[in-house]
Amino acid sequence: RRADRGAFAGRTTFIFAAIGSAVGLGNIWRFPAVAYENGGGAFILPYLVALLTAGIPLLFLDYAIGHRWRGSAPAAWRRFTRWTEFIGWWQVLIALVIALYYALILAWATNYTIFSIDQRWGDDAGAFFGEYTQALGGADATVAFDFVPAVLISMIVVWLAVIVVMALGVQRGIAAASVIFIPLLIIMFIILVVRSLFLPGAIDGLDAFFQPNWGALTDAKVWIAAYGQIFFSLSVAFGIMLTYSSYLKKKTDLTGSGLVVGFANSGFELLAGIGVFSALGFMAQAQGVAIDEVVTDGVGLAFIAFPTIISEAPAGAIIGVLFFGSLVLAGFTSMISIVEVVISAVQDKFGMARIPATLAVSIPMAVVSIILFSTTMGLPLLDVMDKWVNEYGIVAAAAVSTIVVSYLVRGLPTLRDHLNRYGTFPIGKIWMLCVAVIAPLVLGVSLVLSTYDLVTSETTYSEYPGWFNLVFGWLMAISLVVIAILLSLIPWSRSSNLYKAD
Ligand code: PHE
Ligand code: NA
């Protein structure tokens, strides 16, 4: 008897869940700076090209694999042929690693939503963040593994919330959370953007953001940055969209859904660019400096620049709650999609029911995540792991999967026919060209460039001790592949979903 895998009630709930996964920190704290630094208004061109030639085609590929083979990443890849199963496990392990540190960012954002009310960071947001995380930079990172109580508590809260949603299952947990949180996120974020637009200096920020630098278009790095942003932002090629589409009914329009998800995600990025640069324009004016000096991304933008803005702006508390609340909602709906990749894989392989699989996966993950990241090592670890996962993990896994599908198992014609069966519009040669040629080419070039960067070490993580990169970078990357291969060698249980009755 097979365990019930769970299912989405329909196409709409699936779309909400998929948008929930796609819209995340990448939209809010990554896109604005990437666009600004790579041509400003002119970035729209490489960005759209990347979306149409790689983002949406790979989204279709993920959907097709998950839906055609009706399984989690390892099960779906196993159904191509026996040896490709390890690709699925590789995707699962990458997702697992991301989830470990994503919880830390969520925990910070949760705390900062509360801190916003009385602007607890006082007048030096940078110093406060240092105290709050007690993060040790530089060579000090070698020694300390002390727990930071405030972070510890909020990480426990975050993981409990994740476990509850995951235990409720695909429709009552994941889909229900997305159907509530995504509209709420959109409303909160629009209010935030409109409020920011009316801050003094906002227009200068927008001018700086949209100012086109057409010369940038001849720079190969700008094009790579556009593809990189699209791959990360759409959460393609590491099992998420594949897993979600396996929960769809047989007769579902996949290509139409993919377009909705792809454009919703990009729309949210544009909105975030407008909101973030309005706020940065205000900050630059308040401090009497050029915009260029206040532009940052990631942790620095969210936890240092934004608190500063919140303190300086009229009714800053409202801006703060809206901003950090948006980070929590966007991050949480991405987090559950990442954890689902792992749960779904374990459930499929061992033929487990939902609740046991949820507990078997998420409790150990929560424990490891909390032990590693609620310590003074949290921030340095996050830095190094995030860099490696984004620049190598995701890119390498995507390159390998597109090459394997296109040339080694020759799955594209089958998948194309599958997409065309219920799709709103036909796809054919152009799609296959994007998946088989453009994507592997761009991904390959990105890998070479990041390796060059790493070797010449013009990178932020060179501030950490060498062993740190070795263990949490190289060793982690290699062990993920090795563990993936080992996992793929474990035989499937007879009651597992690989041996489906229908
Ligand atoms: N796509 C998400 C974003 O834009 C990021 C993400 C990464 C989501 C990994 C899930 C997993 O922020
Ligand atoms: Na995104």
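Predicted model, so just to flag it, every value in this text is computed and none were measured.

A few points about the overall build of the protein chain
The secondary structure content of the protein chain amounts to 20 helices and 0 strands. Over its C-alpha trace the protein chain gives a radius of gyration of 22 Å, about what one expects of a compact globule, namely 23 Å for 502 residues. Overall, the C-alpha framework of the protein chain stretches about 65 × 50 × 45 Å when taken along its three principal axes. Put simply, the protein chain has 502 residues, and 59% of those count as buried. Only carbon and sulfur atoms are counted for the fraction: they give 69% of the accessible area of the protein chain, which is about 18900 Å². Side-chain charges of the protein chain comprise 26 positive and 29 negative groups, with the mean position of each set lying 25 Å from the other.

So, the pattern of salt bridges
If you walk through the whole model with that rule in mind, you get 8 salt bridges. It is possible to trace a salt-bridge network through shared partners that takes in R78, E85 and K349.

Observations regarding the nonpolar core
Counting residues in each nonpolar core, the largest one holds 182 residues, and the members touching the most others are I65, W108, W159, F303 and F373. For this core, the element with the highest residue contribution is helix α5 (residues 85-118), accounting for 23 residues. Among residues more than four places away in sequence, those in contact with W159 are A99, A103, M335, V339, S362, M365, A366, S369 and I370.

Quick notes on the coordination of the sodium ion (ligand 2)
At the metal site, the sodium ion (ligand 2) is ligated by A22 (O), N27 (OD1), S233 (O), S233 (OG) and N265 (OD1), and these contacts range over 2.2 to 2.6 Å. Expressed as a motif, the donor residue spacing for the sodium ion (ligand 2) is A-x4-N-x205-S-x31-N. Side by side, A22 and N27 carry an identical accessibility label, which is buried.

Here is what the cut-offs are and how they apply
Residues numbered from 1 in each chain as written. Chains lettered and ligands numbered in written order. Predicted model: local features only at pLDDT ≥ 70, side-chain atom pairs only at ≥ 80, totals over all residues. Heavy atoms only, no water. Helix = DSSP H or I, 4+ residues; strand = E, 2+ residues; numbered from the N terminus. Rg over C-alpha atoms; globule rule 2.2 N^0.38 Å. Buried < 20%, exposed > 50% of the residue type's maximum accessible area, 1.4 Å probe, protein only. Areas by Shrake-Rupley, 256 points an atom, 1.4 Å probe, with all protein chains shown as cover. Lys, Arg positive; Asp, Glu negative; His and termini not counted. Charge placed at Lys NZ, Arg CZ, Asp CG, Glu CD. Salt bridge = Lys/Arg side-chain N within 4 Å of Asp/Glu carboxyl O. Core = buried A, V, L, I, M, F, W, Y, C linked by side-chain atoms within 4.5 Å. Contact = heavy atoms within 4.5 Å. Donors = N, O, S within 2.8 Å, 3.2 Å for Na, K, Ca; no water.

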